[in-house]
Amino acid sequence: MSAALTDLLREWMPHQRWFGGKGREWADVTEEGFLLDQAHPVLSVHRVRVTYSDGASETYLVPLSWRDHPAEELSSAFIGPVQSADRETYAYDAMRDRDATCPWLIHLVNASTIGPMHFHPAGVTYIPEGLPGDILSTEQSNTSLVYGQEAIFKLFRRLEPGLNPDVEIHDALRKTENPHIAPLLGHIEIDDPDPSVEPATVAMLQTFVPNASDGWRLATASVRDLYAEGDLHADEVGGDFAADSERLGAATASVHADMAKVLPTEPADPAWFAALAAQMAARLEAAIGVVGQLAEYAEGLRAIYAAVADSAEDVIRQRVHGDLHLGQVLRTATGWIVLDFEGEPARPLAARRELDSPMRDVAGMLRSFDYAARHMLVEQPEDPQRAYRAQEWAERNRTAFCAGYSAASGTEACGDSPLLRAFEADKAVYECVYEARNRPHWLIIPLQSLARLTAVG
Ligand SMILES: Nc1ncnc2c1ncn2[C@@H]1O[C@H](COP(=O)(O)OP(=O)(O)O)[C@@H](O)[C@H]1O
Ligand SMILES: O=P(O)(O)O[C@H]1O[C@H](CO)[C@@H](O[C@H]2O[C@H](CO)[C@@H](O)[C@H](O)[C@H]2O)[C@H](O)[C@H]1O
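None of these values were measured; they are calculated from a predicted model.

Here is what the cut-offs are and how they apply
Residues numbered from 1 in each chain as written. Chains lettered and ligands numbered in written order. Predicted model: local features only at pLDDT ≥ 70, side-chain atom pairs only at ≥ 80, totals over all residues. Heavy atoms only, no water. Disulfide = S-S within 2.5 Å. Helix = DSSP H or I, 4+ residues; strand = E, 2+ residues; numbered from the N terminus. Near = heavy atom within 4 Å. Polar contact = N/O pair within 3.5 Å; in protein donor to acceptor, adjacent residues only side chain to side chain. Areas by Shrake-Rupley, 256 points an atom, 1.4 Å probe, with all protein chains shown as cover. Nonpolar A, V, L, I, M, F, W, Y, C, P; charged D, E, K, R; others polar. Domains from an automatic or database assignment. Phe/Tyr/Trp six-rings, centres within 6.5 Å; stacked < 30°, edge-to-face > 60°. Buried < 20%, exposed > 50% of the residue type's maximum accessible area, 1.4 Å probe, protein only. UniProt positions renumbered as here; feature names shortened; annotations may be inferred. Contact = heavy atoms within 4.5 Å. Buried area = accessible area lost by both parts, 1.4 Å probe. Salt bridge = Lys/Arg side-chain N within 4 Å of Asp/Glu carboxyl O.

### Points about the state of the cysteines
This model, assessed by the stated rule, comprises one disulfide. Here Cys402 pairs with Cys414 through a disulfide, and the sulfurs are 2.0 Å apart. In this structure, the disulfide formed by Cys402 and Cys414 twists by about -90° around the S-S bond and is classed as left-handed. Here Cys414 lies in the loop between α10 (384-409) and α11 (418-438) and Cys402 lies in helix α10, a separation of twelve residues in the sequence.

Structural data, given as structure tokens:
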């Protein structure tokens, strides 16, 4: 079966949204399958190792469901026929096959071990094991299934050794009962074929937050209201977002405080500041290789980073979110929920688990206010009035977020800090690379921010 299956995967995987090796030439592919369920339909999980022609390799997790006859209602999930010793069977993308979604939860409830896969329920939690799961349409580098309005199952497609920070942080936060996170219900790991290598995290199950809107949608609705009334200020039009930004600042501070209680912390020393400045400078050099326009701001950016190397700020390092933005927070009827503690997807897992300043997350959210304010200007011709309004909206919400964060944390969160400025600049450099690769028409947003950041004294 395998030879034919690997041929099929070679055809199918490059077209999947979650596949990170698009455009790279495959030199080799191997797969190893494990049976998760034997009936209605058969469900198997495959560890697929792709080696590229440059010698690099990546390992992906591919769940497949199997039918004896083609299922017309599943045409969008169809992968192809596979010839086994005595017959032909039909392979489907199991994440899009509703009938194949129950075994994940059943195995979590039973704390099963299947081959190298270990299912870990999170303590005494309710797992809605009888419900089928529906794929979330916003599938990106991971694939999520929503079970009723009760639980959300996130499959981490690319396997990396080590506990995924999203699981690690949610697990640690369980004992804090923090109201601003969605509780962890369980997770799945897979042993590496090499016993000296740490297991990889396959998936996590989390409480689903019903009837919520994400922060990006709410913030951009507010900006739209403002643009519709070009001569009114942000506090004079409907849909002002500042009160929510303030609450979001307070929620972020509350999550940070609890992370510092249950996970390691350490005072920052001069060596840390120097290493951070060096990392930021190195990221800039690499980014210039991808986005040539960054060279124009390089001198100003190097000066911003140099100020960090000499910083004597009082910083307690701790675990942080790592990629906080408006798309990662949900507004419920009662407040904000922070999601997805995986960190920046482009960074290696070990780097994403390092202790850091919580100001990295504050900077991430400030960058997001900037994005929300300006993304609609990208489509518009030169419009000084709206550009002025955008600046006003970003500043108003930045001030409100910082006020909420400062009040809840008892610190002066967004004073004149070289560190915060450097985090904002570094995030904007990361965004330039992200936009160049994913949404080139939005590259102008972080580039213009860098022009402003480097223009200040
Ligand atoms: N616990 C949850 N409750 C409700 N919706 C959720 C939950 N977790 C994630 N989502 C929805 O799924 C989207 C993607 O989730 P996220 O954890 O950010 O995955 P990814 O790592 O693929 O970006 C979120 O933007 C949100 O809309
Ligand atoms: O949510 P992900 O972990 O996939 O984060 C990645 O994609 C984000 C885009 O969805 C990207 O965020 C950037 O665009 C946002 C608007 O779409 C904006 O609010 C953020 O401030 C901006 O950084 C994120 O950087 C990337 O890691």
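### Focus on the site of ligand 1
With respect to spatial proximity, 15 residues lie near ligand 1, and among them Asn142, Lys154, Thr207, Val209 and Asp340 are the closest. For ligand 1, an oxygen atom lies 2.9 Å from a polar atom in the side chain of Lys154. About the coverage of ligand 1: the protein hides 83% of its 550 Å² of free accessible area. Sorting the residues of the shell around ligand 1 by element identifies β10 (151-156) and β12 (200-207) as the ones contributing at least two each. Among the residues making up the shell around ligand 1, the classes are represented as seven nonpolar, five polar and three charged. Here the shell around ligand 1 spans two domains, since at least three of its residues come from each of domain 2 (101-207) and domain 3 (213-455).

### Focus: the site of ligand 2
In the vicinity of ligand 2, 15 residues are found, and the nearest of them are Asp323, Ser368, Tyr430, Glu431 and Arg439. In this structure, an oxygen atom belonging to ligand 2 sits 3.4 Å away from a side-chain N or O atom of Gln328. Here an oxygen atom of ligand 2 sits 2.7 Å away from a polar atom, N or O, in the side chain of Glu431. Considering ligand 2 on its own, with 540 Å² of exposed area, one finds that the protein chains cover 88% of that surface.

### A few points about the packing of aromatic side chains
Applying the stated criterion across every chain yields a total of 15 aromatic pairs. Ring centres 5.6 Å apart and planes at 40° place the aromatic pair Phe19 and Trp26 in the tilted group. Its relative accessible area of 2% is what places Phe19 among the buried residues. Ring centres of Tyr430 and Tyr434 lie 6.4 Å apart, and the angle between their planes is 25°; this geometry places the pair in the stacked category. One end of the pair is Tyr430 and the other is Tyr434, both in helix α11 and four residues apart, which spans about a single turn.

### Let's talk about the UniProt feature "domain: Maltokinase N-terminal cap" (unreviewed entry) in the chain
As annotated in UniProt, the feature "domain: Maltokinase N-terminal cap" (unreviewed entry) corresponds to residues 12-97 in the numbering used here. Across residues 12-97, the secondary structure splits into 1% helix and 53% strand, with the terminal C-alpha atoms separated by 16 Å.

### As for the domain arrangement of the chain
Domain boundaries in the chain define domain 1 (2-98), domain 2 (101-207) and domain 3 (213-455). Distance between the C-alpha centres of domain 2 and domain 3: 28 Å. Listed by partner, the interface residues are 23 residues for domain 2 and 20 residues for domain 3. Here domain 2 and domain 3 share an interface that buries about 1,900 Å² over both sides, 56% of which is from carbon and sulfur atoms. For the domain 2 face of the interface with domain 3, the top three residues by lost area are Pro165, Ile169 and His180, together amounting to 31%. The closest approach of N and O atoms between Glu168 and Arg353, which form a salt bridge, is 3.1 Å. Where domain 2 meets domain 3, there are eleven residue pairs in polar contact (both at pLDDT 80 or more). Within the residue set of the side of domain 2 that touches domain 3, elements represented by two or more residues are β10 and α3 (165-173). Broken down by element, the side of domain 2 that touches domain 3 gets its largest block of residues, seven residues, from α3.

### Concerning the pattern of salt bridges
Taken as a whole and judged by the stated rule, the model has 34 salt bridges. The salt bridge involving Glu32 is made with Arg47; its shortest N-O contact spans 3.1 Å. Taken as a pair, Glu32 in strand β1 (residues 26-37) and Arg47 in strand β2 (residues 42-52) lie far apart in primary sequence, 15 residues in all. Judged by relative accessible area, which is 37%, Glu32 ranks as partly exposed. We classify Arg47 as buried; its relative accessible area is 9%. Here Asp426 makes a salt bridge to Arg360, at a shortest N to O gap of 3.4 Å.

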